[in-house]
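Structural characterization, general
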Amino acid sequence: MNKIIKILKKRKSIPLDQFINIALYDKKFGYYMKKNPFGKKGDYITSPLISNLFSEMIAVWCVAFWEYLGKPKKILLVELGPGDGSLCKDLLKSFMKFKSFYNSLEINLLEISDKLKTIQKIKINNKKVKWIKKISEVNCGPIIFIGNEFFDALPIKQVYKEKKLYFEKYVTLSNDNKKIRFLHKKANNNLIKRIQKLNLIAVGDTIEYPLEAIKFLTDITKKIKKFDGGLLTFDYGYTKNKNQNTLQSVQKHKYINIFSKPYHSDITSHLNFKLFHEILKKNNLNVEKITSQNEFLKKIGILERAYILSKKMTFREKANMFYRLKRLLDYREMGSIFKVLFAQKKGKKFSLGF
């Protein structure tokens, strides 16, 4: 908190995206740079931690995509923001059952947090895995980019629209210099033009502009075009053409005020999947229709797999597995709010799960 206050005392105000970037990714104090936020003892729980059936279905999907690409002798899997390493660990376990695929496989984990990298390395001890900090380090293919709750953790800008005027949301200090609060400043013309170009002028007052996510999508697109492959991403978000304030902060599985505990709470926003779809399409990729996590996992066969496994389980083990499965699939939980998007090189028509 002290560092942010010092910055605000010096600069008076900073744009919202800069505040989020400092709170989450400051090298010394940043939320993701100094703690493990995942799991029951952390601040939130992700799909791979709820059930390893999630990871198993992703593994099946990856092998099927590799087969569709003609079983290349080399396939690179890049996981974007691998969290505590659970997804990668479970993927490797499943991949070992497909020997030809496993022999062709290399894995890159995109991670900027040394703290999380240390946690991941304890879970993942495999020579096929190496860590990278930038998409530019990816230099071979075909590539399967996998993202689970990656894009929601990237800083966003917010612009408030009032009649024909646009105001960018900034962060500043209260008059006594003790509390952090929001401030609206007139948006510059360059920002307004970019928002208009992306057709973000829709119903509602608060426009969310995912500047960092767009940069990542552009870099990923270039790699897919050059080396072949695709991007499969899971995240919570919406597909309706509307503007809304989705900024939120979470600590110990509860929502809190975004300014109450910077560095000690997660700050996220919901993905505008329609915007992601349009950006990837404009970048000349073939993009499948956006689907829900429920539909995607069911189409790959998660229920059938669960029933097969249940035959050798005790009643307690069955109850536990299907309870976890319900969390992944139920429309009142992760089944509906989590969306799935897949983009692949132009001309390719792989559609498993969609």
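Up top you'll find the structure we're talking about.
All residue numbers here refer to positions counted from 1 along the written sequence of the relevant chain. With the structure being a predicted model, the display of local features is reserved for residues of pLDDT at least 70 and the display and counting of side-chain atom pairs for 80 or more, all residues being used for whole-chain, interface and lining totals. With hydrogens and water stripped out, all remaining heavy atoms of the structure feed into the side-chain values.

**Quick word on the overall build of the protein**
- Only runs of H or I of at least four residues qualify as helices and only runs of E of at least two qualify as strands under DSSP, and these elements are numbered from the N terminus. Each helix and strand in the protein was counted, giving 15 helices and 17 strands.
- Here the C-alpha radius of gyration of the protein, 21 Å, is about what a compact globule of 354 residues would show, namely 20 Å.
- Dimensions along the principal axes, computed over C-alpha positions, put the protein at roughly 65 × 45 × 40 Å.
- Out of the 354 residues in the protein, the part that is buried amounts to 57%.
- Note on definitions: a residue-residue contact is assigned when non-hydrogen atoms from the two residues lie within 4.5 Å. Within the protein, contacts between residues separated by at least 24 positions form 73% of all contacts whose residues are at least 6 apart in sequence.
- For the accessible areas, the method is Shrake-Rupley and the probe is 1.4 Å, while residue cover comes only from the protein chains on display. Accessible surface computed for the protein: about 17500 Å², of which carbon and sulfur atoms make up 51%. The atom set for the radius of gyration is the C-alpha atoms, and the globule formula is 2.2 Å times the number of residues raised to the power 0.38. The cut-offs for exposure are 20% and 50% of the maximum accessible area for each residue type, with area from a 1.4 Å probe on protein chains only; residues under the lower value are buried, those over the upper are exposed, and the others partly exposed.

**Brief notes about the packing of helix 13 (residues 302-310) against helix 14 (residues 315-329)**
- Where helix 13 contacts helix 14, the axes come no closer than 10 Å and their chain directions differ by 170 degrees. As the angle between them shows, helix 13 and helix 14 are arranged roughly antiparallel. Of the residues in helix 14, those touching helix 13 at Ile302, Leu303, Ala306, Tyr307, Leu309 and Ser310 are Lys318, Met321, Phe322, Leu325, Leu328 and Leu329.
- For the contact of helix 13 with helix 14, the residue count by class is 10 nonpolar, one polar and one charged. A fitted line through C-alpha atoms serves as each axis, taken over the contacting stretch for helices, and the angle formed by two N-to-C directions is quoted from 0 to 180°. Note on terminology: angles under 35 degrees are roughly parallel, angles over 145 are roughly antiparallel, angles of 65 to 115 are roughly perpendicular, and the others are oblique. Think of it as three bins: nonpolar holds Ala, Val, Leu, Ile, Met, Phe, Trp, Tyr, Cys and Pro, charged holds Asp, Glu, Lys and Arg, and polar takes everything else, Gly as well.

**So, the nonpolar core**
- In terms of nonpolar packing, the biggest core is built from 48 residues, with Trp61, Cys62, Phe95, Leu105, Leu232 and Phe296 touching the most fellow members.
- Top contributing element to this core by residue count: helix 5 (residues 52-68), with 11 residues.
- Excluding anything up to four places from it in sequence, Leu105 contacts Ile75, Leu77, Leu92, Phe95 and Lys128.
- Residues Val78, Leu198, Ala213 and Phe227 belong to the second largest nonpolar core, which totals 42 residues. Among buried residues, those of type Ala, Val, Leu, Ile, Met, Phe, Trp, Tyr and Cys that are joined through side-chain atoms within 4.5 Å constitute a nonpolar core.

**Quick look at the pattern of salt bridges**
- Here, a salt bridge means any side-chain nitrogen of Lys or Arg that lies within 4 Å of a carboxyl oxygen of Asp or Glu. Tallied over the entire structure, the rule returns 12 salt bridges.
- The shortest N-O distance in the salt bridge between Lys74 and Glu106 comes to 3.4 Å. In this pair, Lys74 is assigned in the loop between helix 5 and strand 2 (75-80) and Glu106 in strand 3 (residues 105-110), connecting sequence segments 32 residues apart.
- The partner of Lys157 in a salt bridge is Glu168, with the nearest N and O atoms 2.7 Å apart. Here Lys157, found in strand 6 (residues 157-162), pairs with Glu168, found in strand 7 (residues 165-173); they are 11 residues apart in sequence, far enough to count as distant. Note on accessibility: Lys157 and Glu168 belong to one class, buried.

**Quick look at the pairing of strand 17 (residues 338-345)**
- Among the eight residues of strand 17, seven are classified as buried, and the element is accordingly described as predominantly covered.
- Pairs of strands are assigned from DSSP output, requiring at least two bridges between the strands. Pairing analysis gives seven bridges linking strand 10 (residues 229-238) to strand 17, with the strands arranged antiparallel. Note that in strand 17 the partner of Leu231 across the bridge is Ala343.
- Here strand 16 (residues 291-292) runs beside strand 17; their pairing, made up of two bridges, is antiparallel. Counted as the bridge partner of Ser292 is Lys339 from strand 17.

**Looking at the sheet that holds strand 11 (residues 248-251)**
- With antiparallel pairing, the three strands of this open sheet are ordered in space as 12-11-13. This sheet does not close on itself; its edge strands, each paired only once, are strand 12 (254-256) and strand 13 (266-268). Along the sheet, successive strands turn relative to each other by an average axial angle of 40 degrees, direction set aside.

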